[in-house]
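# Geometric and topological summary
Each chain, letter by letter, is given below.
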Amino acid sequence: MSTYYRPEKYPASDVPCTDEVLPVVIAGAGPVGMAVALGLARRGVPVTLLEAADQVSFGSRAICVSRHSLEVAHRLGFGERLEKIVLPWVGGRSFHRDTEVLRFAMPYAAHAVRPPMVNVSQSELEQVMVEAIEDQPLISLYWGAEVVACGQDDEEVRLDVSTAAGTRRLRARWVVAADGGRSRLRSLLGLRMTGTSYEGSYVIADIHWPSALPAERLVWFDAPSNPGSTIIMHRQPRDIWRIDYQVNDAADAEAETEERRIRDRITRHLEWLDNDVPWTLEWHGFYRAHALALPDFAHGRVVFAGDAAHLVPIFGVRGLNSGMEDAETLAWQLAAVVHGSADAELLEAYSAERHDAWQQNVANAGKSTMIMSPGGHGYRTTRDAVLVLAERRPEFAGLLNPRQSSATHAHRSPLTWPTEPDVSGLLPGDPLEDRRVRVLAESGVRVSSLSAERGSGFTVLAAGVNAERAEQVAWWAERLATQLAPEPVRAVVAPAAGTAVTPTGELRVLDDPDGDLATALGSRAGEVFVIRPDGLVLCRVTDPGRLADIVGHLVAGTRRSGRPSTVPPQPVEVDDRERNWLALSSALDEVGADDREGFLTRLALLLGEHRGELFEEAIAGARLSGRAP
């Protein structure tokens, strides 16, 4: 019997006619739109949420939810519900034909609160979010309500909404466009995304298959069951498996997504895995990789988030997870603008830092895509060479690493405050890693997490401090709360060993006698960190008197004038082997088809000039690796 999740359908909503100017209207009740709505509502902002469909999405679509996204879910109020239905995993294996060429594990330290990744279908994730929204009186969710016209001026946005009862006109101070990769609002405003569309297409299928295989990322390159194709398998809860397999670039999408053709492909692969357990096909789709984005995410009073603002390839699972980051950042910043505690320019900062986050994701996802779905002769040739080499030379397997999604930084954000050049540890713009902590309370010591203790607002955090500094931290948190209201501000301190500090009001005191937190932060004596609601470090200072000035620039959406930030841009780490792969792949793409062998011969001779006796060893290694298994 199938256990595949099928969401309930909702009757078309009656969107009320009103002349009222609504604070915020969100187009699109996918994960990003609902996350923005929940974030705003938790900050006291009424939200009108419009969804063109009559149910949450059907099918797996996105399935891998990162540790950071789980933290976001908890801060938005649906984390506990979500974690009851997910399937954790920590790593995976990749094969070239039938030989294992990579085994990887994502970071999972002893102090970690949650696994690095969990699997759950996007459909089920969205349903959990709908249930959370139904518990939130400040959110009005309307089904079967599609935006069909949009106009704006300096004061408001006017939307025409198609409903079962006819067209309705809504007026809003702000509109969030979270209506997906085929965004209607993006089209209505005449906006286009730019970037790269990759070669290579994948069929995606969900099957019900009671298999004993573990929950891990499984990949076969040139799978014996489907020669020339790449196959990816992920286990989901309740014996549901997601299978993605590559089809020829020139393949007919309609033909490849015929159920007969899909069943044939999957049957061949499962039989090759010695499967004798019956399975059923539950859902399927078709996918091509894109790395596209709007140049700006804020257009007047319409702000874009998630796939409506940017697209990233699925490899490394950054789509949903980057959208959740968009949502959490946009929620606290838009709420500050709506409440009047920040200038509208703060949304320009949102655009700048989330566009930069997209570039960070593309930098990693692009490399994963060139392995999973290489475009052009050069990348196909080098990918196939890496696979052969990795069978006998494990050091090349690192190029096959999927570079799984991790939280992005905001080092280049206009909000991030500069620090001294010699500072190490947690830098301004870095995401604060959650960790298990012990908390002092009236009833004794209880176990918690750093994320839970700092809450969903701003945090003034200090570790390894004396009692006087702890008292100052609490005082500054109270002062900042008046500047940032209604956003809450909480003080969290971990006193130095032997220092007694009493928890009071919004002051949380951690029991950290060994100084583990101070070490993790790289904290200097008396240093204070300010953490944003989305978990990013705003600043670290030794003089708390600077905080008023820092917050003043924050709410204005500007960086302090004068010297630029001394936090250096953090490039994606590239080792020599990866640099060589990228350079050779690009060069092969540029060389004419009639000169490829000549180019490689010239390259080998030039390299031989610098390698001496090692050159003969390299030739022998390449000859050996090139033999058929």
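The notes below deal with the structure included here. (Residues numbered from 1 in each chain as written. Predicted model: local features only at pLDDT ≥ 70, side-chain atom pairs only at ≥ 80, totals over all residues. Heavy atoms only, no water.)

### Here's the deal with the pairing of strand 14 (residues 230–236)
Strand 14 sits mainly inside the fold: 7 of its 7 residues count as buried. Residues T230, I232, H234 and Q236 line one face of strand 14 and the alternating positions I231, M233 and R235 line the opposite face, and both faces are buried. Relative to strand 15 (residues 240–247), strand 14 runs antiparallel, the two being bridged by 6 bridges. Residue pairing for strand 15: I231 is matched across the bridge by Y245. The turn linking strand 14 back onto strand 15 is made up of 3 residues, and R238 within it adopts a positive phi angle of 60 degrees. (Buried < 20%, exposed > 50% of the residue type's maximum accessible area, 1.4 Å probe, protein only. Helix = DSSP H or I, 4+ residues; strand = E, 2+ residues; numbered from the N terminus. Pairing = 2+ DSSP bridges.)

### Brief notes about helix 2 (residues 67–76)
Among the 10 residues in helix 2, 8 count as buried, and that is most of the element. All of the buried residues in helix 2 are H68, S69, L70, E71, V72, A73, R75 and L76. Those residues of helix 2 that are buried are in contact with helix 1 (31–41), strand 3 (64–66), helix 3 (79–83), strand 7 (117–119), helix 8 (319–339) and helix 11 (450–454). G77 sits one or two residues past helix 2 and shows a positive phi near 100 degrees. (Contact = heavy atoms within 4.5 Å.)

### What about the sheet that holds strand 14?
On the basis of which strands lie adjacent, the open sheet formed by 8 strands has the order 6-5-13-14-15-12-16-19 and mixed pairing. Lying at the two open borders of the sheet, with one neighbouring strand each, are strand 6 (99–105) and strand 19 (310–311). Relative to the sheet, helix 7 (residues 259–272) contacts strand 12 (194–208), strand 13 (217–221), strand 14, strand 15 and strand 16 (280–293), its axis offset from that of strand 15 by approximately 105 degrees. Sitting on the sheet, helix 10 (residues 376–392) is in contact with strand 5 (91–96), strand 6, strand 12, strand 13 and strand 14, with an inclination near 90 degrees to strand 6. (Axes fitted to C-alpha atoms, helices over the stretch in contact; angles between N-to-C directions.)

### Observations concerning a negative patch on the surface
Taken together, the side chains of E199, D249, D589 and E590 define an acidic patch exposed on the protein surface. Note on placement: D589 falls in helix 15 (residues 576–590). (Patch = residues over 30% accessible without salt bridge, like charges linked within 9 Å, V, L, I, M, F, W, Y side chains within 5 Å. Areas by Shrake-Rupley, 256 points an atom, 1.4 Å probe, with all protein chains shown as cover. Salt bridge = Lys/Arg side-chain N within 4 Å of Asp/Glu carboxyl O. Lys, Arg positive; Asp, Glu negative; His and termini not counted. Charge placed at Lys NZ, Arg CZ, Asp CG, Glu CD.)

### Focus: the packing of aromatic side chains
Evaluated as defined, the whole model comprises 9 aromatic pairs. Relative to F458, the ring of W332 lies with its centre 5.3 Å away and its plane at 80 degrees, an arrangement referred to as edge-to-face. Of this pair, W332 sits in helix 8 while F458 is found in strand 22 (residues 458–465), placing the two residues 126 residues apart along the sequence. Ring pairing ties together the aromatic residues F95, W220 and W272, which thus form one cluster. Positioned above the aromatic ring of W174 is the side chain of R301, whose terminal nitrogen or guanidinium carbon lies 4.6 Å from the ring centre. Sitting over the face of the ring of F396, R577 holds its NZ or CZ atom 5.2 Å from the ring centroid. (Phe/Tyr/Trp six-rings, centres within 6.5 Å; stacked < 30°, edge-to-face > 60°. Lys NZ or Arg CZ within 6 Å of the ring centre and 35° of its normal.)

### Details of the packing of helix 8 against helix 9 (residues 346–372)
The packing of two helices is summarised by the inter-axis angle and the distance between the axes. The interhelical angle for the contact between helix 8 and helix 9, taken along N-to-C directions, is 170 degrees, at an axis separation of 10 Å. In terms of orientation, helix 8 lies roughly antiparallel with respect to helix 9. Each of S322, E325, D326, T329, L330, W332, Q333, L334, A336 and V337 in helix 8 lies in contact with helix 9, whose residues at this interface are L346, L347, Y350, E353, R354 and N361. Its residues assigned to classes, the contact of helix 8 with helix 9 comprises 8 nonpolar, 4 polar and 4 charged. (Parallel < 35°, antiparallel > 145°, perpendicular 65-115°, else oblique. Nonpolar A, V, L, I, M, F, W, Y, C, P; charged D, E, K, R; others polar.)

### Overview of unusual backbone geometry
For the bond running from A485 to P486, omega is 10 degrees, close enough to zero to count as cis. Structurally, P486 is set in the loop between helix 12 (467–484) and strand 23 (489–495). Phi at R61 is positive, roughly 50 degrees, even though this residue is not glycine. Inspection of the secondary structure assignment puts R61 in the loop between strand 2 (47–51) and strand 3. Overall, the relative accessible area of 44% leaves R61 in the partly exposed class. Even without glycine at this site, D274 takes up a positive phi of about 65 degrees.

### Regarding the side chain of H96
With respect to the secondary-structure elements, H96 resides in strand 5. Every residue in contact with H96, bar those within four places of it in the chain, is listed here: V101, F221, D222, L387, V388 and E391.

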